[in-house]
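This is what each chain is made of:
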Amino acid sequence: RTRVTALVDAGQTLVRAEKVRPLASGGGQQRDVLTVTIRTDAEGTRVSVHAVTFLIENGQTRQAAQTSPEAGRDQDRLIQFLMGPRP
């Protein structure tokens, strides 16, 4: 079961959200963190979206060697939304 922990941090130039999911095997959890950074320069507004996955096993948390496929899909969906047409 996926548990969404909506916003972890929010400000005028930074938004961070996380999603906790069970690991496919081993009984632990993975915590995917998406960070959106917004900055303005002479060329306009720049937005970057960064995803990182942490593994939680036996009470220990460590950063995964690779970003999880789920976090990658969440990152792609967020980028598509941000790049999409505005009303």
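First, a word on scope: everything that follows refers to the structure included in this document. (Residues numbered from 1 in each chain as written. Predicted model: local features only at pLDDT ≥ 70, side-chain atom pairs only at ≥ 80, totals over all residues. Heavy atoms only, no water.)

Once that is clear, we can look at the overall build of the chain. The secondary structure content of the chain amounts to 1 helix and 5 strands. Going from N to C terminus, the chain has its helices and strands arranged as β-β-β-β-β-α. Relative to its full complement of 87 residues, the chain shows a buried share of 25%. Relative to all contacts within the chain whose residues are 6 or more apart in sequence, the contacts with residues 24 or more apart total 27%. When the accessible area of the chain is evaluated, it comes to approximately 6,400 Å², of which 51% is carbon and sulfur surface. (Helix = DSSP H or I, 4+ residues; strand = E, 2+ residues; numbered from the N terminus. Buried < 20%, exposed > 50% of the residue type's maximum accessible area, 1.4 Å probe, protein only. Contact = heavy atoms within 4.5 Å. Areas by Shrake-Rupley, 256 points an atom, 1.4 Å probe, with all protein chains shown as cover.)

Quick look at the environment of Q30 now. One can find Q30 in strand β3 (residues 29–41). Here Q30 falls in the buried class, since its relative accessible area comes to 8%. Put simply, Q30 and Q63 are 33 residues apart on the chain and 9.5 Å apart in space, counted from C-alpha to C-alpha. Polar side-chain contacts of Q30 include one of 3.0 Å to the side chain of D32. Of the polar contacts made by the side chain of Q30, one reaches the side chain of E70; its length is 3.1 Å. (Polar contact = N/O pair within 3.5 Å; in protein donor to acceptor, adjacent residues only side chain to side chain.)

Moving on, we get to unusual backbone geometry. Residue N58 is not a glycine yet carries a positive backbone phi of 55°. In this structure, N58 sits in the loop between β4 (44–57) and β5 (60–63).

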